Amino acid sequence: MPIYTCTTTESTLPRSIKAALAREIATIHSQINHVPSTYVNVAFHELSGDNLYTDGAPASPVLVSGWIREGHPKTEVTRLATEIASAVTRIAGVPAEQVLVVFESSPASFAVEGGRVLPEPGQEQAWIAGT
């Protein structure tokens, strides 16, 4: 259901760190939003060092953008962002000052997965069961 894109410069995150971070993001999302982690998608997008800037200078932050369905409680979305940011720092060793996590959302009905329109938050179990 959700899509997380982690944007970094090339070679910032080795394959093993990407795998560990993807697993942790899936676990965090699954626990907070009560959906199986099998529905959590994580993509890594790497840019050359001259294509990512902070304050007008080349930089190597980890930028995590995510899409989630509208309707989740704001406190849970904040918790989701906070826990993912902490996971990036803990797993990848990237200082918190170089981590940005941000979410965009839209109505569940604006997305289709597996040929079905996504459920509204709170209706996941019926959707998973196919009803």
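Here the structure is a predicted model, which means the values were calculated and not measured. (Residues numbered from 1 in each chain as written. Predicted model: local features only at pLDDT ≥ 70, side-chain atom pairs only at ≥ 80, totals over all residues. Heavy atoms only, no water.)

Colleague: Please explain the side chain of Glu124 as it appears in this structure.
Modeller: Note that Glu124 resides in helix α3 (residues 124-129). Among the polar contacts made by the side chain of Glu124, one reaches the main-chain amide nitrogen of Gly122 at a distance of 2.9 Å. If we ignore the near neighbours within four places in the chain, the residues touching Glu124 are Met1, Asn33, His34, Val35, Arg69, His72 and Pro119. (Helix = DSSP H or I, 4+ residues; strand = E, 2+ residues; numbered from the N terminus. Polar contact = N/O pair within 3.5 Å; in protein donor to acceptor, adjacent residues only side chain to side chain. Contact = heavy atoms within 4.5 Å.)

Colleague: I keep staring at the UniProt feature "domain: Tautomerase cis-CaaD-like" (unreviewed entry) in the chain and nothing clicks. Help me out?
Modeller: Within the UniProt annotation, "domain: Tautomerase cis-CaaD-like" (unreviewed entry) is assigned to residues 1-60. This span, residues 1-60, is 32% helix and 30% strand, and a straight line between its end C-alpha atoms measures 28 Å. (UniProt positions renumbered as here; feature names shortened; annotations may be inferred.)

Colleague: I tried to follow the nonpolar core on my own but got confused; where do I start?
Modeller: Tyr4, Val64, Leu80, Ile84 and Phe103 are the most contacted members of the largest nonpolar core, which has 22 residues in total. Secondary structure elements with two or more residues in this core: β1 (3-9), α1 (15-33), β5 (62-69), α2 (74-92) and β6 (99-106). Those residues in contact with Phe103 that sit more than four places away from it in its chain are Tyr4, Gly66, Ile68, Val77, Leu80, Ala81 and Ile84. (Core = buried A, V, L, I, M, F, W, Y, C linked by side-chain atoms within 4.5 Å. Buried < 20%, exposed > 50% of the residue type's maximum accessible area, 1.4 Å probe, protein only.)

Colleague: Explain the sheet that holds strand β2 (residues 41-47) here, please?
Modeller: Across a sheet, paired strands are connected by hydrogen bonds in the backbone, their directions being either parallel or antiparallel. A sheet is described by the order of its strands in space; here 4 strands give the open sequence β2-β1-β5-β6, paired in mixed fashion. If you trace the sheet from one side to the other, it starts and ends with β2 and β6, each paired once. On average, each strand axis in the sheet is tilted by 20° relative to the strand beside it, whichever way the strands run. In the sheet, β1 pairs with β2 via 7 bridges, with the strands oriented parallel. Each bridged residue has a counterpart across the sheet, and for Thr5 the counterpart in β2 is Ala43. Set on the sheet, α1 makes contact with β1, β2 and β5; between it and β2 the angle comes to about 140°. Strands β1, β5 and β6 of the sheet are contacted by α2, whose axis makes an angle of about 145° with β6. (Pairing = 2+ DSSP bridges. Axes fitted to C-alpha atoms, helices over the stretch in contact; angles between N-to-C directions.)

Colleague: For this particular structure, what's the right way to read the pairing of β6?
Modeller: Look at any regular strand and the pattern is simple: side chains alternate between the two faces of the sheet. Where β5 meets β6, 8 bridges bridge the pair, whose relative direction is parallel. By the bridge assignment, Gly66 is partnered in β6 with Phe103. In this fold, the crossover linking β5 to β6 by way of α2 has right-handed handedness. (Right-handed = clockwise from strand over helix to strand, strands pointing away.)

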